Amino acid sequence: MTSVSKVCLGAIVGVHGIRGEVKVKSFTEDENNLTHYGLLSDESGSRQFELKIVGHSKELLRVKIKGVDDRNTAETLIGVGLYVERTKLPSTQEEEYYHADLIGLMALNSAGEKIGTVNAIYNFGAGDLIEIRTRDNKLEMLPFTKEYIPDVNLKEGYIIVEMMQFATEDEENGGED
């Protein structure tokens, strides 16, 4: 399986003040690394952004983008993802993954049967959670730990999922027929 050519390092989620500063949710391990890779672009690569971190606003970065000097222009950028070419990022260590490499992988049970695909990776502060879209189109979240995900095979394009209990209709209805 080939890795993605761009990785999303953050997203513009709001504006701050009247001088064009934006609030950015950083997806990097250290939020200050957002500016370590040079120019960032939108997902299509059609727009490039030169960023300077100027502060914090709660759990978000306050960022000045070169050429964005007023609130109205900054507001047009809300929702834009900030991407970098994969080649600019450091190589991952063993058992270390970029989220972008995991999304879309097949999720197999220990018998090798497909149970779904990796839909997303989240971290709400207590560790990574992996979201699986099941074959019946339901979303299930599990901790992204060796206990639940003992094997990740990027080359072959799958993960092995252990201890995943999907509720049957009977269980969802309290076991009543």
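Just so we're clear, the structure is a prediction, and the values are computed from it rather than from any experiment. (Residues numbered from 1 in each chain as written. Predicted model: local features only at pLDDT ≥ 70, side-chain atom pairs only at ≥ 80, totals over all residues. Heavy atoms only, no water.)

What about the confidence of the model for the protein?
Here the protein averages 87 in pLDDT, and 89% of its residues register 70 or above. Here residues 167-171 is a poorly scored stretch, pLDDT under 50, and it has five contacts once near neighbours within four places are set aside; other chains count. (pLDDT = per-residue confidence, 0-100. Contact = heavy atoms within 4.5 Å.)

Regarding the packing of aromatic side chains
Remark: the centre distance and the inter-plane angle together describe each pair of aromatic rings, the angle taken between the planes. A full pass over the atoms with the stated rule returns one aromatic pair. With a centroid separation of 6.2 Å and 55° between ring planes, the pair formed by Tyr97 and Phe144 is classed as tilted. Here Tyr97 is found in the loop between strand 7 (81-85) and helix 2 (99-102), whereas its partner Phe144 is found in the loop between strand 11 (139-143) and strand 12 (151-153), with 47 residues between them in sequence. Overall, Phe144 belongs to the partly exposed group, its relative accessible area being 21%. (Phe/Tyr/Trp six-rings, centres within 6.5 Å; stacked < 30°, edge-to-face > 60°. Helix = DSSP H or I, 4+ residues; strand = E, 2+ residues; numbered from the N terminus. Buried < 20%, exposed > 50% of the residue type's maximum accessible area, 1.4 Å probe, protein only.)

Side note on the sheet that holds strand 8 (residues 106-108)
What the six strands build is an open sheet, ordered 11-10-9-8-13-12; its pairing is mixed. The open sheet terminates on both sides in strands that have one partner only, identified here as strand 11 and strand 12. Each strand of the sheet is rotated relative to its neighbour by a mean of 35°, with strand direction disregarded. (Pairing = 2+ DSSP bridges. Axes fitted to C-alpha atoms, helices over the stretch in contact; angles between N-to-C directions.)

Some thoughts on the layout of surface pockets
The calculated volume of the largest pocket comes to roughly 1,400 Å³. At the level of elements, strand 1 (6-16), strand 2 (21-26), strand 6 (60-65), helix 2, strand 9 (114-123) and strand 12 are the ones that each hand at least two residues to the lining of the largest pocket. The dominant element in the lining of the largest pocket, judged by the number of residues it contributes, is strand 9, at four residues. Taken together, the residues that form the lining of the largest pocket break down as 22 nonpolar, nine polar and nine charged. (1 Å grid on protein atoms, 1.4 Å probe; cavity = no way out; pocket = protein on both sides within 12 Å on 5 of 7 lines; lining within 4 Å. Points joined across faces, edges and corners; volume = space filled by probe spheres on them. Nonpolar A, V, L, I, M, F, W, Y, C, P; charged D, E, K, R; others polar.)

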